[in-house]
Amino acid sequence: MEIKKAEFVISAVNRDNLPVDGKNEFVFCGRSNVGKSSFINMLVNRKSLARTSSNPGKTQTLNIFLINDDFYFVDVPGYGYANVSKSIKASFAKMIETYIKKREELKMAFLLIDFRHKPSNDDIAMYQFLKYYGVPTTIILTKADKLSNNEKAKNKKMIIEALEKADEDEIIETSVLKKIGIKDTLDVIERVNQE
Ligand code: GTP
Ligand code: MG
């Protein structure tokens, strides 16, 4: 599959703002600063369709992008960012949780994990949450450009163990800097979108 068209649709703060045309949705979730928005930009081959920042906490709403007039990408705020107030954290968490629990159009979650580090407790909780609600999940390891081949092999094993990754869930190594992981990810999206 090739992404030929990608357009921003809406910033949603709750379900009332979400599209109503029943098209399939793919959500990109993970810790703040892990690279969700950058990863979306790489997939759609656009520099700044989704806003990115070196400061965590950039994305603050559910941002919906229409892809190939056929399905939606959903960019969401990251979790685990210390520098926001408790009430904002709680409202982000509620926004994402409600979306994941109740959204029938959601066909797959991409859970982004920083390839360099052990998954945080929040990462593990997020994965368990997705599994509990039966959302098919693909693990995206980000920032692969920052690791040697040895480190990659070691960390991949460590992350699989820490998450207790289910066998059916794919895991894909990616780098926005080196443009790694585009085809593998688009293949997954194409397969799920055709089901
Ligand atoms: P929030 O919106 O705050 O939740 O963050 P996010 O997960 O959307 O992260 P974002 O895409 O804004 O990227 C955060 C930082 O990581 C930016 O400085 C990116 O340039 C950097 N980054 C993202 N992907 C990669 C990558 O593959 N390699 C490297 N080296 N840096 C990356
Ligand atoms: Mg973002």
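Coordinates for the structure precede this section.
Thresholds applied
- Residues numbered from 1 in each chain as written.
- Chains lettered and ligands numbered in written order.
- Predicted model: local features only at pLDDT ≥ 70, side-chain atom pairs only at ≥ 80, totals over all residues.
- Heavy atoms only, no water.
- Helix = DSSP H or I, 4+ residues; strand = E, 2+ residues; numbered from the N terminus.
- Rg over C-alpha atoms; globule rule 2.2 N^0.38 Å.
- Patch = residues over 30% accessible without salt bridge, like charges linked within 9 Å, V, L, I, M, F, W, Y side chains within 5 Å.
- Areas by Shrake-Rupley, 256 points an atom, 1.4 Å probe, with all protein chains shown as cover.
- Salt bridge = Lys/Arg side-chain N within 4 Å of Asp/Glu carboxyl O.
- Lys, Arg positive; Asp, Glu negative; His and termini not counted.
- Charge placed at Lys NZ, Arg CZ, Asp CG, Glu CD.
- Contact = heavy atoms within 4.5 Å.
- Axes fitted to C-alpha atoms, helices over the stretch in contact; angles between N-to-C directions.
- Parallel < 35°, antiparallel > 145°, perpendicular 65-115°, else oblique.
- Left-handed = near helix turned anticlockwise from the far one by under 90°.
- Nonpolar A, V, L, I, M, F, W, Y, C, P; charged D, E, K, R; others polar.
- Phe/Tyr/Trp six-rings, centres within 6.5 Å; stacked < 30°, edge-to-face > 60°.
- Buried < 20%, exposed > 50% of the residue type's maximum accessible area, 1.4 Å probe, protein only.
- Near = heavy atom within 4 Å.
- Polar contact = N/O pair within 3.5 Å; in protein donor to acceptor, adjacent residues only side chain to side chain.

1. So, the overall build of the protein
Reasoning step 1: Along its length, the protein carries five helices and seven strands.
Reasoning step 2: The order of α-helices and β-strands along the protein, N terminus first, is β-β-α-β-β-α-β-α-β-α-β-α.
Reasoning step 3: Expected size for 195 residues packed as a compact globule is a radius of gyration near 16 Å; at 16 Å, the protein falls within 12% of this value.
Reasoning step 4: Taking the principal axes of the C-alpha coordinates as reference, the protein spans close to 45 × 40 × 30 Å.

2. Considerations on a positive patch on the surface
Reasoning step 1: A contiguous patch of positive charge on the surface is contributed by Arg-15, Lys-94, Lys-101 and Lys-102.
Reasoning step 2: Structurally, Lys-101 can be placed in helix H2 (residues 86-102).

3. Here's the deal with the side chain of Thr-137
Reasoning step 1: Locating Thr-137 in the fold gives a position in strand S6 (residues 137-142).
Reasoning step 2: Discounting residues that sit within four places of it in the chain, Thr-137 has contacts with Met-108, Ala-109, Leu-111, Tyr-127, Leu-130, Lys-131, Asp-169 and Glu-170.

4. Regarding the packing of H2 against helix H3 (residues 121-132)
Reasoning step 1: At a minimum axis distance of 10 Å, the contact between H2 and H3 shows a crossing angle of 25 degrees. One way to sum up the angle between H2 and H3 is to call them roughly parallel. By crossing handedness, the relation of H2 to H3 is classed as right-handed. Across the interface between the two elements, Ile-96, Glu-97, Ile-100 and Lys-101 of H2 pack against Met-126, Phe-129 and Leu-130 of H3.
Reasoning step 2: Looking at the contact of H2 with H3, its residues break down into five nonpolar, no polar and two charged.

5. A look at the packing of aromatic side chains
Reasoning step 1: Using the criterion set out here, one finds ten aromatic pairs in the structure.
Reasoning step 2: Considering the side-chain rings of Phe-26 and Phe-71, the 5.5 Å spacing of their centres and the 75 degrees angle between planes classify their relative orientation as edge-to-face. In this pair, Phe-26 sits in strand S2 (residues 25-30) while Phe-71 sits in strand S4 (residues 71-75), placing the two residues 45 residues apart along the sequence.
Reasoning step 3: Its relative accessible area of 0% is what places Phe-26 among the buried residues.
Reasoning step 4: Ring pairs connect the aromatic residues Phe-26, Phe-28, Phe-39, Phe-71, Phe-73 and Phe-110, which therefore count as one cluster.

6. Concerning the pattern of salt bridges
Reasoning step 1: Scanning all chains against the criterion turns up 13 salt bridges.
Reasoning step 2: A salt bridge links Lys-131 to Asp-169; its shortest N-O distance comes to 2.7 Å. You can see Lys-131 sitting in helix H3 and its partner Asp-169 sitting in the loop between helix H4 (149-163) and strand S7 (171-173), a full 38 residues away along the chain.
Reasoning step 3: Accessibility expressed as a relative area gives 28% for Lys-131, which makes it partly exposed.
Reasoning step 4: Glu-161 is paired through a salt bridge with Lys-157; the nearest N and O atoms lie 3.6 Å apart. You can see Glu-161 and its partner Lys-157 sitting in helix H4, four residues apart, about one turn around the helix. By the burial criterion, Glu-161 is exposed, and Lys-157 matches it.

7. Quick word on the site of ligand 1
Reasoning step 1: Taken together, 22 residues sit near ligand 1, with Lys-36, Ser-38, Gly-57, Asp-145 and Val-176 positioned nearest.
Reasoning step 2: Ser-38 is positioned such that a nitrogen or oxygen atom in its side chain is 2.6 Å from an oxygen atom of ligand 1.
Reasoning step 3: Taking 660 Å² as the accessible area of ligand 1 by itself, protein coverage stands at 88%.

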